[in-house]
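Now for the letters of each chain:
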Amino acid sequence: MARRNLRKGMTMIGPTPGLRVKQLEVRTRKDSGRNRSRLVEVAIKQSNVTSPMRSSPLSTPSKHSRSPSKQHFWSVDDETNVADMAQPPIDPIRLPRTMNDYIREWLRHKEDLLRILLEMEAAPSPRNCTKCGKDGVYRCTDCMHQPLFCTDCCRILHEAHPFHRIQQWTREFFEDSALHMTGFQLYLGHNGAPCPSASPGPEHGPSEGQRYKMDTRAGGMGMVEEEWEDIDEVPLHLRPPANSKYLTIIDVTGVHFVRVQPCQCLDADSYHRQLFQAKLCASTFEKPSTAFTFAVLDDFLRENLECGTSGMNYYSKLHRVTSNVFPHLVPNRYRELLRLARQWRVLKLLKWNGFQDETERSSPGDLALFCAACPQPGINVDPDVDLDDWKYTRTVVMDGNFKAEHMHEKRPDDQVWLMDGRGFMVAHPPYQEYLQATPHITEKSACHNHRAISQANVSRGKLSATGIGATACARHGCFYPHSVVDFQKGERQLNMDYSLSNALGYNMTGIKNVLCFYDINCSYMKNLRKRVDNSPFLHIPSSLQIVPGIGIWHVHGHKQECYARYAPLFLRGSGWVDGEIIETLWSILNIVSASTRGMSSPHRQELLDFQMNDSNFMKMIRIVDSLSRKLKAARASVAMARDAFTKLDEAVSSENRQAWSIQEESALGGRVRDVSVMDIFEIQLKKAPTVRAVELELLEAPSQRGTRQGAASWITRGLGIEESEITLAITRKDSSKYPSETKRLEMARRADRLAVDRSRFIADSQIYLAPLHQGTDADDYSSGMTDVAHHMSAGDDLVSGEEDSEGSMDEAGDAVPLKMTKIAPLPLPSNFGIERCRAAGADELVEMELKLRIGQANDALHGLRIALADKAVAFRGVVRQATSYSMRTRAWQMVNSIDSSVRQQAAIYKRCREAMIALGADTDTLTRFQQLHKSHMAVHTAAFSQNAHDHRSSNLPWFWCMDIPRTTSSKNWLTEFYRIHWLRAKAVKDRWEEEEDLLVSEFHWTMNFFKFRAKKWNKKCVSFKAAGLHGAACYAARQKAVYDRLAEQGASKWLNMSLEILPLNQ
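Residues numbered from 1 in each chain as written. Predicted model: local features only at pLDDT ≥ 70, side-chain atom pairs only at ≥ 80, totals over all residues. Heavy atoms only, no water.

Caption draft 1: View of the overall build of the chain. Scanning the chain from N- to C-terminus turns up 32 helices and 22 strands. Taken across its 1066 residues, the chain has 46% of its residues classed as buried. Excluding contacts between residues fewer than 6 apart, the proportion of contacts in the chain whose partners are at least 24 apart in sequence is 72%. (Helix = DSSP H or I, 4+ residues; strand = E, 2+ residues; numbered from the N terminus. Buried < 20%, exposed > 50% of the residue type's maximum accessible area, 1.4 Å probe, protein only. Contact = heavy atoms within 4.5 Å.)

Caption draft 2: Fine view of the nonpolar core. Ranked by internal contacts, the top residues of the largest apolar core, which has 95 residues, are Leu500, Leu504, Tyr524, Ile546, Phe570, Met620 and Phe1010. The element best represented in this core is helix H31 (residues 971–1026), accounting for 16 residues. Once you skip the residues sitting within four places of it in the chain, Leu500 turns out to touch Val396, Met398, Thr471, Cys516, Tyr524, Met525, Leu528 and Ile540. In terms of nonpolar packing, the next biggest core, distinct from the first, is built from 49 residues, Leu719, Ile730, Leu772 and Leu861 among them. (Core = buried A, V, L, I, M, F, W, Y, C linked by side-chain atoms within 4.5 Å.)

Caption draft 3: Broad picture of the pairing of strand S15 (residues 290–293). A two-sided burial pattern is seen for S15, the buried positions comprising Thr290 and Phe292 on one face and Ala291 and Thr293 on the other. When strand S12 (residues 247–251) meets S15, the two strands line up parallel, connected through 3 bridges. Across the sheet, Thr248 pairs through a bridge with Thr290, a residue of S15. Here strand S14 (residues 280–282) pairs with S15 via 3 bridges, running antiparallel. Note that in S15 the partner of Leu280 across the bridge is Thr293. (Pairing = 2+ DSSP bridges.)

Caption draft 4: Looking closely at the sheet that holds strand S21 (residues 513–517). Spatially, 5 strands are ordered S20-S19-S16-S21-S22 in an open sheet, and the strand pairing comes out mixed. The sheet terminates laterally at strand S20 (485–487) and strand S22 (545–549), the two strands that pair on one side only. The mean inter-strand angle of the sheet, taken between neighbouring strand axes irrespective of direction, is 25 degrees. As judged from the 3 bridges shared by strand S19 (residues 467–473) and S20, these two strands associate in the antiparallel manner. Considered in S20, the bridge of Ile468 is made with Asp486. (Axes fitted to C-alpha atoms, helices over the stretch in contact; angles between N-to-C directions.)

Caption draft 5: Structural context of unusual backbone geometry. Along the chain, Ser125 connects to Pro126 via a cis peptide bond; the corresponding omega equals 0 degrees. Structurally, the position occupied by Pro126 is in the loop between helix H4 (110–119) and strand S5 (138–140). The phi dihedral of Asn191 falls on the positive side, at around 55 degrees, and the residue is not glycine. Residue classification places Asn191 among the exposed positions, given a relative accessible area of 84%. A positive phi angle is found at Lys287, which is not glycine, with a value near 50 degrees. With respect to the helices, strands and loops of the structure, Lys287 is situated in the loop between S14 and S15.

Caption draft 6: Here's a closer look at helix H17 (residues 601–621). With 21 residues, H17 should cover 30 Å at 1.5 Å per step; its first-to-last C-alpha distance of 30 Å lies within 8% of that length. Burial of H17 is extensive: 17 of the 21 residues sit out of reach of the surface. (Expected span 1.5 Å × (residues − 1).)

Caption draft 7: The packing of aromatic side chains, seen in detail. Under the criterion given, the structure shown has 29 aromatic pairs. For the ring pair Tyr392 and Trp1005, a centre distance of 5.6 Å and an interplane angle of 35 degrees mean the geometry is tilted. Of this pair, Tyr392 sits in the loop between helix H9 (334–352) and strand S16 (394–401) while Trp1005 sits in helix H31; the two residues are 613 residues apart in sequence, bridging distant segments of the chain. For Tyr392, a relative accessible area of 15% puts it in the buried group. According to the relative accessible area criterion, Trp1005 is buried, its value standing at 7%. Aromatic pair Tyr563 and Phe570: ring centres 5.5 Å apart, planes at 85 degrees, arrangement edge-to-face. For the pair Tyr563 and Phe570, a shared accessibility class is recorded, and that class is buried. Each member of the aromatic cluster is reached from another via a ring pair, and the members are Tyr431, Tyr434, Tyr498 and Phe537. Looking at Arg97, its charged tip hangs above the ring of Tyr102, at a distance of 4.7 Å from the centre. (Phe/Tyr/Trp six-rings, centres within 6.5 Å; stacked < 30°, edge-to-face > 60°. Lys NZ or Arg CZ within 6 Å of the ring centre and 35° of its normal.)

Caption draft 8: Structural context of the side chain of Arg1013. Checked against the element boundaries, Arg1013 lands in helix H31. Buried charge without a salt bridge: Arg1013, with Asp366 as the nearest opposite-charge side chain at an N-O distance of 11 Å. Beyond its immediate chain neighbours, meaning those up to four positions away, Arg1013 contacts Leu369 and Tyr1043. (Lys, Arg positive; Asp, Glu negative; His and termini not counted. Salt bridge = Lys/Arg side-chain N within 4 Å of Asp/Glu carboxyl O.)

Caption draft 9: Molecular detail of the pattern of salt bridges. Tallying each qualifying case throughout the model produces 39 salt bridges. Between Asp269 and Arg273 there is a salt bridge whose closest N-O contact spans 3.9 Å. Asp269 gets classed as partly exposed once you look at its relative accessible area, which sits at 33%. Judged by relative accessible area, Arg273 falls into the partly exposed class, the value being 44%. Between Arg853 and Glu849 there is a salt bridge whose closest N-O contact spans 3.2 Å. With Arg853 and Glu849 both in helix H28 (residues 843–879) and 4 residues apart, this pair spans about one turn of that helix. Glu849 shares its class with Arg853; the two are buried.

This is the structure in structure tokens:
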């Protein structure tokens, strides 16, 4: 009664004082298995509102609501009705505060915070030193609370903080200053104390009459010793110490001029060694004038890894940190930064991998970190176990990246390689020797024309490398060491052969099986063994069995049979893997790819190696959490897959179950020798006939009495002319109101050719339809058919303005409607009508056209399916990925082009169906070829998901299964239907069961990897101690503790998961 009364006298209310309304999404699961979600609005009590006002029992309008609903209204007349409802009081729900709530709270304090910020610009009163109480002159902006110091206290207290920024009081404001103006000096050796052996003689520096002038030559902004009367125009903190020698030191706090006093003891180290011991990296070894702190080098490498910051941008930031107003007056040390960053990367990698000196023997990839969860005999897998078991199969994925370009170098012969071949990029000299000795053989693909094949020989003159190719772990996304190669032209097979050969030689001793994913494996794997055997540079053991696969996304761009042959769903031992993980690795690597374009080859190699090593490191430290999440998801998915398969299996007879099991086992066992045996996972019935197939059948059949030779080809010509006219009409409508001259000329030529073909066809109709032409003209048979523009608009109505799952076609831009001219119908039996044809004895021609129309309808529906699939691909791969206006414009142009194809195929099909009706098609034919509606044109990108559970309750339009002739009572079709669904449901179940087993094993392999690394560092610690290398021993002990801690965390996570979902004995 109360709900019914709410419709009377309703008024919309605003926010209720004391309560804040929030929306919660409540998800429930129905008995049918479908998820249902609904929005529930709740009131939240606000403690800061004390106004005693009446609150509404109903919610206020949500910001997500497009229009007010009846739940957003409250009737004063119904207050009594609601009050009479005997319900217990409900306390408001307290929800977490949102970002906007915190910003609203900040707005109340904004003016107060601004006042405090401005008060900090003034000197405290009294202006005394916080240490000794004397007159305060300097304050440190990097110290806590910005303490005020006198000159002596500021100098003494900053001996341990030589790179803090200070400011000097000028009686009106604080001006940026520098520590050297307080007399600060940096002492090397003796723990920062002055050297007792230092002579108190005069310091060697510029004479008193000399001043410093800024050098603005060719990008240099250093100091030159010249007389300059405008020294007062340079800010205080940018003036170097006068009459003394100093060192330009770059830190994260900016550029500093520091007086440095080295140790002068007899046994003192060299100057650059003393600087390095003080965590200062000198730019040169002979009389260094510039040094970088360890902190700034670490910060640059970290920003380069995480943010992709280039050296130029980073040093530009240091300019601004040093002086935000006068960054152009800061000395330029950009080239020194790049040089020292290269050296610092190599030192860090050597340190991380336990190399004490270069006397240790190096090997390819020895400075790279690999996957902790992949089986590696002797590291995380006992080499004595049976490595033939499917669980020890290596899963790799190959791909190319054309973002990592590299330009030609000015001096290619003058290069210094610091770690050539010791990281992820292959060694340069052997790779170049391999390229010169290996000819590229162009192999034509039997599948679709993929870009990796068609553009294999495309070269670009300004680039020495058009991209890179790599091999990675397909399950965890770790790059393989010493397997990343440069492309000289396109993505050629010889480049990927070298990458795969090196990857399959890394820690693979004893492993017999490999699953290899590659976008074009249907062509690449055909002659792999032949290419390997013919090259002395490649080595893949003949005992190694390589099973090819194609990632779940790329396989949909191949021919239909490639799905069953190469999709990961049908690869035994693959688990639930998509084979596309390397695409996510490129997005990480592309952060720095742009900055490597103009680097030297060694510098580019070192930077890419460091980036890939960091990617693998981040995978390693997060692998335990990743495996635990996947294991929980796999456990739930296994139960769902088993339940789905069990329900399907119960409806299958024992004879069929046995026969299908034998088919499956035979196919999975023989796919290594012949991938075509996997076709049993596809429909085996005969496909629907096309126009060509029907025409061939009619031509090969014996001619009937009274039928002229060539009638079938003549009717086929007429159907083709009709299609061309419809296509041209839609093309004209899709063109802009003012098309270009070239476009108009193209359409005029097409129209002229069609006019010629039409004239010839009409002339030939006198031969085949002579009885119908006697005493008639064109108007007598035109009444049975509408003009072409009618069919064109029919196709347009099916698509234009249709909102699919990805967006409205109105967003793509509506075509400008053009005035369509009437086009006379062709003299075909369908245009004369079945009654007139029978009266004239043309029954045979009617039957011929009906068969050809059925084939034409099959072709149109096939084209419609292809166009809709292309549209889904375009939305997922182009429209969604567009990040700029130009990219979005090109993306929508692609969508508009596809929509034009959809309209053409829909219009052709509509004409076919009308002709079938005119030719007297039976009920079964018209039931099979149904009418198209706007809802049939919607596309769903989720159809590309491999998980069958996502679509158990979804139905595709009727024409998606029209490629297969069937009737509702066909026993063969029902058997084939159940066979395909049974095989694929079993494949889903098997893959999820494999995934669960693999994840359990990978968890143990990860723990073994951490323990192996801990033992390795423990051995190094012992050997370093024996050699008297105490620093190296301490570092080895620290690394051992790190891996011990990772192993402990993994064991703890495993124990918790075992108690939840896994038996403890696994």
